[in-house]
Amino acid sequence: VQLQASGGGLVQAGDSLRLSCAASTLTFTTYVIGWFRQAPGKEREFVALITWTGIKALYRDSVKGRFTISRDNGKNTVYLQMDNVKPEDAAVYYCAAGARYYSNDYQSPQRYDYWGQGTLVTVSS
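A few words now on the nonpolar core. Ranked by size, the top nonpolar core spans 29 residues in total, and within it W35, L80, M82 and Y93 carry the most contacts. Those elements that provide at least two residues to this core are strand 1 (3–6), strand 3 (17–23), strand 4 (32–38), strand 5 (45–50), strand 7 (67–72), strand 8 (77–82), strand 9 (91–98) and strand 11 (119–124). Leave out the neighbours within four places in its chain, and L80 touches L17, R18, L19, W35, V47, A48, F67, T68, I69 and Y93. In terms of nonpolar packing, the next biggest core, distinct from the first, is built from eight residues, F46, L58, Y106 and Y112 among them.

This is the structure in structure tokens:
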């Protein structure tokens with residue numbers, strides 16, 4: 001599985017941005033897809049996850065109500081809609097694919113098998 005993240009850029013606080021994660025494999029529909037982010041000097045942290053069918057979507061607390069993850073299996077693409085962006089959301093955002101869903105450990109980067117290259121989100125206040 002090859003993942004390509006895109007859509008990052010410079011936005012003002014309060015604006016919206018949509019990130020995309022395109023996958024190269026036809027078995028994309030069997031993977032759990034997660035978004036992670038890493039700010040300078042900080043560890044990579046979980047942002048959101050969507051399961052194979054798209055029925056289950058999970059978020060870190062700080063983005064709940066502002067970010068929405070969705071997937072279009074026909075396009076092999078997962079989206080992260082970011083609304084009301086805050087300065088603390090600034091980071092490099094990565095998408096990742098996991099062959100299994102770990103209900104107790106889905107926030108751990110180690111549970112994901114494939115990673116995209118990252119896309120930078122910069123937020124001006």
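And the narrative resumes.
A word on the pairing of strand 8. Most of strand 8 sits out of view: five of its six residues are buried. Pairing between strand 3 and strand 8: six bridges, direction antiparallel. Bridged to C21 within strand 8 is V78. Where strand 7 meets strand 8, six bridges bridge the pair, whose relative direction is antiparallel. Bridged to T68 within strand 8 is Q81. Hairpin remark: strand 7 followed by strand 8, antiparallel, with four residues in the connecting loop; positive phi at N76, about 50 degrees.

Parameters at a glance
Residues numbered from 1 in each chain as written. Predicted model: local features only at pLDDT ≥ 70, side-chain atom pairs only at ≥ 80, totals over all residues. Heavy atoms only, no water. Core = buried A, V, L, I, M, F, W, Y, C linked by side-chain atoms within 4.5 Å. Buried < 20%, exposed > 50% of the residue type's maximum accessible area, 1.4 Å probe, protein only. Helix = DSSP H or I, 4+ residues; strand = E, 2+ residues; numbered from the N terminus. Contact = heavy atoms within 4.5 Å. Pairing = 2+ DSSP bridges.

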